[in-house]
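Coordinate inspection notes
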Amino acid sequence: MQNQSRQHTAPAFLKGALWFLFSGTAMLCAFILPIHFLALSNGYRLRQDLPFIKLYGAILLLAALYHGLYRTATVVFDLGFIKKHHLIEKALVCLFIAT
């Protein structure tokens, strides 16, 4: 009986963790991207000699990509492409890794 309850909670935990990551990336992009674009439009430039600039850019890019890919995968699933959902999800993961 205990093994059956663990089997049912593992997918729920994974789905919850992915949803938490999705909402976290949404919040990060919603706060950081407008400030970033506003600063760049006002003439501020990122100094490339600072060590955390590459990390900042990578986190910003990965957050935006994950958010977009997760939303695309859920829309495809919600539209009823259940059989093609796994193929589209794998293609999106390959696209995410390639970028």
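Criteria and thresholds
Residues numbered from 1 in each chain as written. Predicted model: local features only at pLDDT ≥ 70, side-chain atom pairs only at ≥ 80, totals over all residues. Heavy atoms only, no water. Helix = DSSP H or I, 4+ residues; strand = E, 2+ residues; numbered from the N terminus. Buried < 20%, exposed > 50% of the residue type's maximum accessible area, 1.4 Å probe, protein only. Contact = heavy atoms within 4.5 Å. pLDDT = per-residue confidence, 0-100.

Quick word on the overall build of the protein
When its secondary structure is counted, the protein shows three helices and zero strands. Starting at the N terminus, the α and β elements of the protein follow one another as α-α-α. When burial is assessed residue by residue, the protein has 15% of its 99 residues classed as buried. The contacts of the protein with a sequence gap of at least 6 include a subset with a gap of at least 24, amounting to 68%.

As for the environment of C29
Tracing the backbone shows C29 in helix α1 (residues 2-41). Separated by 35 residues in the primary sequence, C29 and A64 have C-alpha atoms spaced 6.4 Å apart. Among all residues touching C29, those that are not within four sequence positions of it are P34, A63 and A64.

Looking at the side chain of T25
Considering the arrangement of structural elements, one finds T25 in helix α1. Looking at T25, the relative accessible area reads 9%, which means it is buried. With sequence-adjacent residues up to four places away left out, T25 is seen in contact with A63, Y66 and H67.

Some remarks on the confidence of the model for the protein
In the predicted model, the protein carries a mean pLDDT of 76, and the fraction of residues at 70 or more is 75%. The secondary structure element of the protein with the lowest average pLDDT is helix α3 (residues 82-98), at 68, and the one with the highest is helix α2 (residues 53-78), at 82.

A word on the environment of L65
Mapped onto the elements, L65 comes out in helix α2. Under the relative-accessibility criterion, L65 is labelled partly exposed at 24%. Spatially, the C-alpha atoms of L65 and T25 are 9.1 Å apart, while their sequence positions differ by 40 residues.

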